[in-house]
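# Examining the three-dimensional arrangement
The chain contents come next:
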Amino acid sequence: MKKSYWLMKSEPDVYSIDDLIADGRTHWDGVRNYQARNNMMKMAVGDEVLYYHSRQVPPAVVGWARVVKESYPDFTQFDETSGYYDSRSDEKNPRWHMVDVEFVEKFEVETSLTQIKDQELLCDMVLVNNSRLSVQPVLKEEFEWILKMSCSKIEL
DNA sequence: GCCAACGTTGGC
DNA sequence: GCCAACGTTGGC
């Protein structure tokens, strides 16, 4: 199976790249959008993920993560005390899924949305055209180009 | 904090 | 199945 490439958004106030460093790996709970969920359900172990901080100034790709567990039901949908609780989801047929990702690298240079829009190679990214999708596919060339712009020390 | 763009819900 | 009303996301 060929590797796929993705971009996942997080609000740094909620869960930043530094939180991922501290935890080493995490489950990507709380996605409540079908398109984003469907993308997570397509993920395979070993897929590469760009870590994006939204709602910061400027919004930017800040790091690199990797899928370490393929999609499984997001337990927060059944937790009434969770903000992500979904009363209409059925335990036998869970509506929401999540994956686990591990930390790979925090970039020394953040690549901002503006810089991405300015790159001919990147201006067709989903990020640019559908700004609301929090889990989105990325082309390998786009992934590599962003690694370069971010001065990544690791080869793909 | 504002608000445009987008997604979802629910009445008909 | 349409679409108005509502809720959420995320750039600014």
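Above this text sits the structure in question.
Residues numbered from 1 in each chain as written. Chains lettered and ligands numbered in written order. Predicted model: local features only at pLDDT ≥ 70, side-chain atom pairs only at ≥ 80, totals over all residues. Heavy atoms only, no water.

## Notes on the protein's contact with DNA strand C
Convention followed: When at least one non-hydrogen atom of a residue lies within 4 Å of a molecule or strand, that residue is treated as near it. Polar contacts, as counted here, are pairs of nitrogen or oxygen atoms within 3.5 Å of one another; within protein the pair requires one atom able to donate a hydrogen and one able to accept it, and residues that are adjacent in sequence qualify only if both atoms are side-chain atoms. Under the convention adopted here, Pro, Cys and the residues Ala, Val, Leu, Ile, Met, Phe, Trp and Tyr are nonpolar, Asp, Glu, Lys and Arg are charged, and Gly plus all remaining residues are polar.
By nearness alone, every residue bordering DNA strand C is listed as K9, Y52, S54, R55, P59, L113, K117, S131, R132 and S134. Take the atoms of DNA strand C that sit within 4 Å of the protein: sugar and phosphate atoms are 58% of them. The contact in question runs from a phosphate oxygen of DNA strand C to an N or O atom on the side chain of K9, over 3.3 Å. Within the side chain of Y52, one N or O atom sits 2.9 Å away from a phosphate oxygen of DNA strand C. Here the residues of the surface near DNA strand C sort into three nonpolar, three polar and four charged.

## Some words on the protein's contact with DNA strand B
Near DNA strand B you find N33, Y34, Q35, R55, R88 and R132, and these make up its full shell. Each atom of DNA strand B within 4 Å of the protein was classed as base or backbone; sugar and phosphate made up 53%. In this structure, R88 approaches DNA strand B through a side-chain N or O atom, which is 3.1 Å from a phosphate oxygen. Grouping the amino acids of the surface near DNA strand B by side-chain chemistry returns one nonpolar, two polar and three charged.

## A few points about the layout of surface pockets
What counts is decided by this rule: We place a 1 Å grid over just the protein atoms. Points where a 1.4 Å probe fits but has no way out form a cavity, open points with protein on both sides within 12 Å along at least 5 of 7 lines form a pocket, and any residue with an atom within 4 Å of a point lines it. Grid points are joined across faces, edges and corners, and a volume is the space filled by probe spheres set on the points. A run of H or I in DSSP becomes a helix once it reaches four residues, and a run of E becomes a strand once it reaches two; helices and strands are each numbered from the N terminus.
The computed volume of the largest pocket comes to approximately 680 Å³. Taken together, 23 residues line the largest pocket, and the ones lying closest to its centre are K9, S10, E11, G30 and S134. Of all the secondary structure elements, the ones that give two or more residues to the lining of the largest pocket are β1 (5-10), β2 (25-27) and β3 (48-53).

## Topic: the packing of aromatic side chains
Threshold: Between the rings of Phe, Tyr and Trp (Trp by its six-membered ring), a pair exists once the centres lie within 6.5 Å; its type follows the angle of the planes, with under 30 degrees stacked, over 60 edge-to-face, and the other angles tilted. Accessible area is worked out with a 1.4 Å probe on protein chains only. A residue is then buried under 20% of its type maximum, exposed over 50%, and partly exposed in between. We call a charge positioned above a ring when the Lys NZ or Arg CZ atom is no farther than 6 Å from the ring centre and deviates by at most 35 degrees from the ring normal.
Inspection of the entire model under this criterion finds four aromatic pairs. Ring geometry for W28 versus Y51: centroids 5.6 Å apart, planes at 80°, classification edge-to-face. Of this pair, W28 sits in the loop between β2 and α2 (34-41) while Y51 is found in strand β3, placing the two residues 23 residues apart along the sequence. Grouping residues by exposure puts W28 and Y51 together as buried. Three or more aromatic residues joined by ring pairs make a cluster, and in this case those are Y5, W64 and F143. Above the plane of the ring of Y72 lies K69, whose end atom (NZ or CZ) is 4.0 Å from the centre.

## Re the sheet that holds strand β4 (residues 60-73)
The condition is simple: Whether two strands pair depends on DSSP finding at least two bridges between them. In this analysis, axes come from line fits to C-alpha atoms, helices being fitted only over the stretch in contact, and the angle between any two N-to-C directions falls in the range 0 to 180 degrees.
Pairing in this open sheet of six strands is mixed, and the strands run β2-β5-β4-β3-β1-β6 from one edge to the other. The open sheet has two edge strands with one neighbour each: β2 and β6 (135-138). Between one strand axis and the next, the sheet turns through 35° on average, direction left out of account. Pairing analysis gives four bridges linking β1 to β6, with the strands arranged antiparallel. Considered in β6, the bridge of M8 is made with V135.

## Looking at α2
Heads up, the rule is: What the arc describes is the spread of directions from the helix axis to the C-beta atoms. The contact criterion used throughout is that any non-hydrogen atoms of two residues lie within 4.5 Å.
Every buried residue of α2 is accounted for by A36, R37, N39 and M40. One side of α2 holds all its buried residues, which, seen down the axis, span an arc of 160°. Structurally, α2 contributes buried residues whose contacts are with β1, β4, β5 (97-112) and β6. Where α2 starts, the residue carrying a side-chain oxygen 3.0 Å from the main-chain nitrogen of Q35 turns out to be N33.

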